[in-house]
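A structural walkthrough
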Amino acid sequence: MKKIISLVSFVFVLLISTSAFAQEPADRLIGIWEPSHGKAKVKVEKIGSKYYGKIVWLREVKDPETGEAKVDKNNPDEKMRTKPLRGYRILKDFQYTDKDEWTEGTIYDPENGNTYNCIVKMTDENTLDIRGYIGIATFGRTDIWKRLKMPSKKK
Amino acid sequence: MKRIIQTTASFFLVLVLFACGGGKTSNITLETTVSADGPFFQGGNSLVADIPLNIKELVGDESLQEVTSVTLTKAVMQMEEGALASFNNATLQFVSDANPMTTVAIINPISGEGKSVSFTTSDEAEIESFFNEESFTVLLDLDFKEDQYLETVEAKVNMNLTIEYK
């Protein structure tokens, strides 16, 4: 009898812990990602039902021309050009489809001030294909982003 | 010849008056308190508030059918005395399920003096579609100078808006 109770308790605890740590497929996008150029790191978070990515790290923090922290100097809206690049949301409004894809979003390129339609595809848990395009997705450019992994502590 | 010119001019005048006659304008103030739970780490942290909208009540016109244009003319952020000194800059945005996140105003840098500070408002943000919804979210990104182990941070945001509608 004692054995049965122990077994049932074990299964119950296992079930509880599995459900607690189970991640929504859509939320796998949450994390810190590094574009292939390595100049920035982008943190993806969920706001409401959509996903957004903001720059949290820049390899070159200061603008070499001004010596000040980099700002969004190419923004088409002149009054918004003092907005800092660190903290800037370059990925906006992504929604999950059921094919490891997040669509309906846009990506902003601070280097030219252009905003592109964008599709994010997760090719494996730590790799994203980020495809920016204008009009139709066929004519666009894909960049590969890697998830930033934290080093695990050794005992 | 003079008659033709007069007739043509009258026709265009009537056309212009007809085109402009359908719209109405109202200036409103929207006040909200955005907040977030801590702890807060150095860098950008988001404070949010949901805005339930009854646009007819806001503009005081029950005949309103559709909002055609909205301009944010002024936005002010208020915090407790001395609190503003904790932040480098701020970005004010609107977002909803049906509309993309839109930056409407920024402050960079934030002057640490006093209790309130004015934003620079965007001339190009298209925000009328938010005002044709039943609610939207105001999102204030505050850039913290350093980690702050606080339970909550709040800011009052006052927005002056010019609403054009029919």
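It should be noted that the structure appears before, not after, this text.
An account of the accompanying structure is given in this report. Quantities reported herein were computed from a predicted structural model and do not represent experimental measurements.

For the rest of this paragraph, the subject is the overall build of chain A. Along chain A, the regular secondary structure elements total one helix and eight strands. Seen in sequence order, chain A has helices and strands lined up from the N terminus as α-β-β-β-β-β-β-β-β. Evaluated residue by residue, chain A yields a buried proportion of 35% over its 155 residues. Sequence-distant contacts in chain A: of pairs separated by 6 or more residues, those separated by 24 or more amount to 36%.

This brings us to the pairing of strand β9 (residues 152–165) of chain B. Residue and element names in this part refer to chain B. Pairing analysis gives 14 bridges linking strand β1 (residues 24–37) to β9, with the strands arranged antiparallel. When the sheet's bridge partners are listed, T33 is paired in β9 with K156. Relative to β9, strand β3 (residues 67–78) runs antiparallel, the two being bridged by 10 bridges. When the bridges of β9 are listed, Q78 appears paired with K156.

What follows is about the pattern of salt bridges. Throughout the structure, instances matching the rule amount to 15 salt bridges over all chains. Between R86 of chain A and D143 of chain B there is a salt bridge, and its shortest N-O distance comes to 3.3 Å. Residue R86 of chain A is found in the loop between β3 (50–58) and β4 (89–96), and its partner D143 of chain B is found in strand β8 (residues 135–144); the two belong to separate chains. The exposure class assigned to D143 of chain B is buried, which follows from its relative accessible area of 8%. With a shortest N-O distance of 2.4 Å, R89 of chain A and D141 of chain B are connected by a salt bridge. In this pair, R89 of chain A sits in strand β4 while D141 of chain B sits in strand β8, so the two residues belong to two different chains. Look at R89 of chain A and you get buried, because its relative accessible area is 2%.

Time to look at the interface of chain A and chain B. For an interface, size is often stated in terms of accessible area lost upon the parts coming together. Taken together, the contacts link 18 residues of chain A with 25 residues of chain B. Both sides together, the interface formed by chain A and chain B hides about 1,700 Å², and carbon and sulfur atoms give 46% of it. Summed over the shared surface of chain A and chain B, the result is three salt bridges. Breaking the side of chain A that touches chain B down by element, the ones donating at least two residues are β2 (40–47), β3 and β4 of chain A.

Attention now moves to the sheet that holds strand β6 (residues 114–124) of chain A. The strand order around the closed barrel built from eight strands is β1-β2-β3-β4-β5-β6-β7-β8 (chain A), with neighbouring strands paired in antiparallel fashion. Here the average twist between neighbouring strands, direction ignored, is 30°.

To continue, consider unusual backbone geometry. A cis geometry characterises the amide bond from G38 of chain B onward to P39 of chain B, with omega recorded as 5°. A cis geometry characterises the amide bond from N108 of chain B onward to P109 of chain B, with omega recorded as 0°. You can see P109 of chain B is positioned in the loop between β5 (102–107) and β6 (116–118). One non-glycine residue, D93 of chain A, adopts positive backbone phi at about 65°. Its place among the elements puts D93 of chain A in strand β4. Residue D93 of chain A is classed as buried on the basis of its relative accessible area, which comes to 6%.

Before going further, it helps to examine the nonpolar core. Counting residues in each nonpolar core, the largest one holds 44 residues, and the members touching the most others are M77 and F131 of chain B. For this core, the secondary structure elements donating two or more residues are β1, β2 (43–52), α2 (55–59), β3, β4 (87–95), β5, β8 and β9 of chain B. No other element matches the seven residues that β9 of chain B contributes to this core. Discounting chain neighbours no more than four positions away, the residues touching F131 of chain B are L30, L53, I55, V67, V70, F94, F136, L161 and I163 of chain B. The next biggest cluster of nonpolar side chains, apart from the first, holds 23 residues, and it includes L58, L85, Y88 and W145 of chain A.

This part takes up the side chain of T103 of chain A. Positionally, T103 of chain A belongs in strand β5 (residues 101–109). Apart from the residues lying within four places of it in its own chain, the contact partners of T103 of chain A are D93, F94, Q95, T97, C118 and I119 of chain A.

About the thresholds
- Residues numbered from 1 in each chain as written.
- Chains lettered and ligands numbered in written order.
- Predicted model: local features only at pLDDT ≥ 70, side-chain atom pairs only at ≥ 80, totals over all residues.
- Heavy atoms only, no water.
- Helix = DSSP H or I, 4+ residues; strand = E, 2+ residues; numbered from the N terminus.
- Buried < 20%, exposed > 50% of the residue type's maximum accessible area, 1.4 Å probe, protein only.
- Contact = heavy atoms within 4.5 Å.
- Pairing = 2+ DSSP bridges.
- Salt bridge = Lys/Arg side-chain N within 4 Å of Asp/Glu carboxyl O.
- Buried area = accessible area lost by both parts, 1.4 Å probe.
- Axes fitted to C-alpha atoms, helices over the stretch in contact; angles between N-to-C directions.
- Core = buried A, V, L, I, M, F, W, Y, C linked by side-chain atoms within 4.5 Å.

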